[in-house]
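In case you want the letters, here they are:
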Amino acid sequence: MLEIKNIHKNFGSLEVLKGASIRVEAHQVVVILGPSGSGKTTLLRCINFLEHADKGELTVGDTKIDFETVKRREIREVRKKVGFVFQNYNLFANKTAIQNVMHGLIVVKKLPKAEARKKAEEALAWVKLSDKLDYYPSQLSGGQQQRVGIARAIAMEPDIILFDEPTSALDPELIGETLELMKNVAKRGITMLVVTHELSFAQDIADKVIFMDGGVVVEEGTPDELFNHTKEERTKRFLARILSTKTIKTKV
Amino acid sequence: MKAQYFFLCLEAAIRKIPQNLIMCFSTLAICLALGMVIALIRTYRIPVLAPLLDILMAVTKAFPANLILLICIMAYTYTFNDIVTFLHLNITIRDVNLIYIAIVGLIIVSLPGISEVLRGGLLAIPKGQFEAGYSVGMTAFQTFRDIILPQMFRVIIPVLTNSILTLMKSTALVNVMGVSDILRGSIEAATDAYCYLEAYVAAALVFWVLGFMIEKIGRMLEARFNKGIRQIS
Ligand SMILES: Nc1ncnc2c1ncn2[C@@H]1O[C@H](COP(=O)(O)OP(=O)(O)OP(=O)(O)O)[C@@H](O)[C@H]1O
Ligand SMILES: [Mg+2]
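Remember, predicted model here, so these are calculated numbers, not experimental data.

1. Quick look at the overall build of chain B
- When you go through chain B residue by residue, the secondary structure sums to nine helices and zero strands.
- For chain B, the sequential pattern of α-helices and β-strands runs α-α-α-α-α-α-α-α-α.
- Taken over the C-alpha atoms alone, chain B extends approximately 70 × 50 × 30 Å along its principal axes.
- Per-residue burial over chain B gives 42% buried out of 233 residues.
- A fraction of 77% describes how many contacts in chain B between residues 6 or more apart in sequence connect residues 24 or more apart.

2. Structural notes on helix α3 (residues 49–62) of chain B
Residue and element names in this part refer to chain B.
- Compared with the 20 Å implied by 1.5 Å per residue over 14 residues, the 20 Å span of α3 between its first and last C-alpha is a close match.
- Where α3 is concerned, the buried positions are Ala50, Leu53, Met57 and Thr60. Looking down the long axis of α3, one finds its buried residues gathered within 95° of arc, a one-sided arrangement. Seen from the buried face of α3, the exposed residues on the opposite side, beyond 90 degrees, are Leu52, Ile55 and Ala62.
- Considering only its buried residues, α3 is in contact with α2 (17–43), α4 (65–86) and α5 (99–123).

3. Observations regarding the state of the cysteines
- Scanning the model with the defined rule gives zero disulfides over all chains in all.
- In this model Cys9 of chain B remains outside any disulfide bridge; the closest cysteine sulfur is found in Cys195 of chain B, 3.9 Å from its own.

4. What about the sheet that holds strand β1 (residues 2–11) of chain A?
All names here are of chain A.
- Strand order in this open sheet of four strands is β2-β1-β4-β5, and the pairing throughout is antiparallel. At either margin of the open sheet sits one strand with a lone partner, and together these are β2 (14–24) and β5 (63–66). Averaged over all adjacent pairs, the angle separating strand axes in this sheet is 15°, with direction ignored.
- Relative to β2, β1 runs antiparallel, the two being bridged by eight bridges. Counterpart to Leu2 in the pairing with β2 is Val24.
- Contacting β1, β2 and β4 (55–60), helix α1 (residues 40–47) runs over the sheet at an angle of about 115° to β1.

5. Quick look at the interface of chain A and chain B
- On the side of chain B, 22 residues touch chain A, which itself brings 25 residues to the contact.
- The junction of chain A with chain B conceals about 2,000 Å² of combined surface from both sides, 57% of it contributed by carbon and sulfur atoms.
- In terms of surface lost to chain B, no three residues of chain A exceed Arg79, Phe92 and Asn94 of chain A, which account for 26% of the buried area on that side.
- One salt bridge in this structure joins Glu131 of chain B and Arg45 of chain A, with 2.7 Å as the shortest N-O distance.
- Summed over the shared surface of chain A and chain B, the number is seven residue pairs in polar contact (both at pLDDT 80 or more).

6. Notes on the site of ligand 1
All names here are of chain A.
- Taken together, 13 residues surround ligand 1, and among them Ser36, Gly37, Lys40, Thr41 and Thr42 come closest.
- Between ligand 1 and Ser38 there is a distance of 3.2 Å, counted from an oxygen atom to a backbone nitrogen or oxygen.
- Interatomic distance of 3.0 Å between a backbone N/O atom of Gly39 and an oxygen atom of ligand 1.
- Protein contact buries 61% of the 630 Å² of open area that ligand 1 shows by itself.
- Elements that contribute at least two residues to the shell around ligand 1 include exactly β2 and α1.
- Here the element with the most residues in the shell around ligand 1 is α1; it accounts for three residues.
- Of the residues contributing to the shell around ligand 1, the split by class is four nonpolar, seven polar and two charged.

7. Considerations on the environment of Gly61 of chain A
Residue and element names in this part refer to chain A.
- Take Gly61: it is sitting in the loop between β4 and β5.
- The partly exposed category is assigned to Gly61, whose relative accessible area is 35%.
- As a C-alpha pair, Gly61 and Val78 span 17 residues in sequence and 9.1 Å in three-dimensional space.

8. What about the nonpolar core?
- In this structure, Leu33, Leu124, Met192 and Leu193 of chain A are the most contacted members of the largest nonpolar core, which totals 152 residues.
- By residue number, the principal contributor to this core is α5 of chain B, which donates eleven residues.
- The contact partners of Leu124 of chain A, leaving out residues within four places of it in the chain, are Ala97, Ile98, Val101, Leu129, Ser130, Leu133, Val148 and Ala151 of chain A.

9. Observations regarding a negative patch on the surface
Residue and element names in this part refer to chain A.
- Negative charge collects at one region of the surface, where Asp54, Glu57, Asp66 and Glu68 lie side by side.
- Note on placement: Asp54 falls in the loop between α1 and β4.
- For Asp54, a relative accessible area of 35% translates into the label partly exposed.

10. Remarks on the side chain of Asn100 of chain A
Residue and element names in this part refer to chain A.
- Along the chain, Asn100 falls in helix α3 (residues 97–107).
- For Asn100, a relative accessible area of 1% translates into the label buried.
- At a separation of 3.0 Å, a polar atom in the side chain of Asn100 contacts the main-chain carbonyl oxygen of Lys95.
- Beyond its immediate stretch of four places on either side in the chain, Asn100 contacts Leu91, Phe92, Lys95, Pro137, Val148 and Arg152.

11. Let's talk about the side chain of Asn90 of chain A
- Relative to the assigned elements, Asn90 of chain A resides in the loop between β6 (82–85) and α3.
- Accessibility expressed as a relative area gives 10% for Asn90 of chain A, which makes it buried.

12. Some words on unusual backbone geometry
Residue and element names in this part refer to chain A.
- Not every positive phi belongs to a glycine, and Lys128 is a case in point at roughly 60°.
- Position of Lys128 among the secondary structure elements: in the loop between α4 (113–126) and α5 (142–155).
- Positive phi, close to 50°, is recorded for Glu157, a residue that is not glycine.
- Within the secondary structure, Glu157 sits in the loop between α5 and β7 (160–164).

Basis of the calculations
Residues numbered from 1 in each chain as written. Chains lettered and ligands numbered in written order. Predicted model: local features only at pLDDT ≥ 70, side-chain atom pairs only at ≥ 80, totals over all residues. Heavy atoms only, no water. Helix = DSSP H or I, 4+ residues; strand = E, 2+ residues; numbered from the N terminus. Buried < 20%, exposed > 50% of the residue type's maximum accessible area, 1.4 Å probe, protein only. Contact = heavy atoms within 4.5 Å. Expected span 1.5 Å × (residues − 1). Arc of directions from axis to C-beta. Disulfide = S-S within 2.5 Å. Pairing = 2+ DSSP bridges. Axes fitted to C-alpha atoms, helices over the stretch in contact; angles between N-to-C directions. Buried area = accessible area lost by both parts, 1.4 Å probe. Salt bridge = Lys/Arg side-chain N within 4 Å of Asp/Glu carboxyl O. Polar contact = N/O pair within 3.5 Å; in protein donor to acceptor, adjacent residues only side chain to side chain. Near = heavy atom within 4 Å. Areas by Shrake-Rupley, 256 points an atom, 1.4 Å probe, with all protein chains shown as cover. Nonpolar A, V, L, I, M, F, W, Y, C, P; charged D, E, K, R; others polar. Core = buried A, V, L, I, M, F, W, Y, C linked by side-chain atoms within 4.5 Å. Patch = residues over 30% accessible without salt bridge, like charges linked within 9 Å, V, L, I, M, F, W, Y side chains within 5 Å. Lys, Arg positive; Asp, Glu negative; His and termini not counted. Charge placed at Lys NZ, Arg CZ, Asp CG, Glu CD.

Shown next as structure tokens:
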């Protein structure tokens, strides 16, 4: 479904991605963990070309791309197949909730307006925001904005949705409902690649957990393999640090 | 001040309002279009063009407006015959309405300021707004047109209103080129009776009303664009 091979990305003299490789199968939920600055956000941003990787290969569905020689047409093709949910929501500030969801359907998918509206209403109903259709982002809480962001991504029916710490800008009491919603996204069979520090989410939902550090993949496996049978010393240290700062309910 | 002369001049001034409005708003339209292109080139540092425009704008900004207008009309009269010959046109200098030259001059006068206002607006929009557009598959142009531009206008309306006011006032300078306008119309009406004070006050009154209206329309647009959207402070 989605495969990245040997991706490299520098910001000036700073090497951020140093040959990480990642594979996500269709309908899988893959979670990326890693310390701050390890290049998780950069990796996600390189997938839909918000950042341009220097080297490596990207495969999305049947589109295969070499980062070095990528063409404008290929970038658009990938962006249509990949949805993105931002840490700070990034809703269109000049559009209402329903317009945020509709706009891509009309402009990119070329749906007639009435049909786009119907789809957008459905998507917003699904994230339980039917009563907020005509609200502007500034009139919505962080949690509500993130739900619009998720509805906007889902309505476009992408092959895969990337989530970059979707709950880390939210108040603690709103994190739960957003994670719950993401679990429902997973239940719909949508392929997801999620960067998060919510270990409980990874444990409950992920098919695969990837631990990144220093721009490479250090260790990957099922949640059980990674959390309960950790192989690498670096992973162990990272998990210990997260567990000491967060109290999580472990089901295993 | 004699009321009779005053009203004579006022009537002459009012008759010329369309002339100033045409000059003001056609200059504005062209400056917005050109200014946006310049702002984009300078913000995204397009090689060669960006530094060239930096210099050009800085230099143009330094000239007094009436000097620019004088240079325009002189350059025009000096080169008219060459241009006509070059283009194989069969016209004389009298066939061309000088208002076009006035508009060219006013564009040169206003462009640096207006493109700077637009650049400020562009810089005020968070990068995430572009990225949101790209993430749903929109092109750079679609994102700019549907997401960035409307937000930019909301940000710049107060400052732009001011630029339009300045531009409206500059239209009174075109009489150095021999182009008729509110001020010139009013003065012409005064020559017989030699009532220049009345003429100037009449012209001032007309400009005040126009300025007042521009300000009002600016406020209205501001309120409209701000509807429901967070104020950037
Ligand atoms: N646009 C940029 N210009 C320069 N350096 C950047 C840029 N974006 C990221 N970096 C650097 O790249 C490194 C990786 O950043 P990235 O945001 O990918 O980390 P992250 O794993 O997402 O961290 P966090 O968990 O804090 O979000 C950091 O050192 C950061 O300072
Ligand atoms: Mg990050």
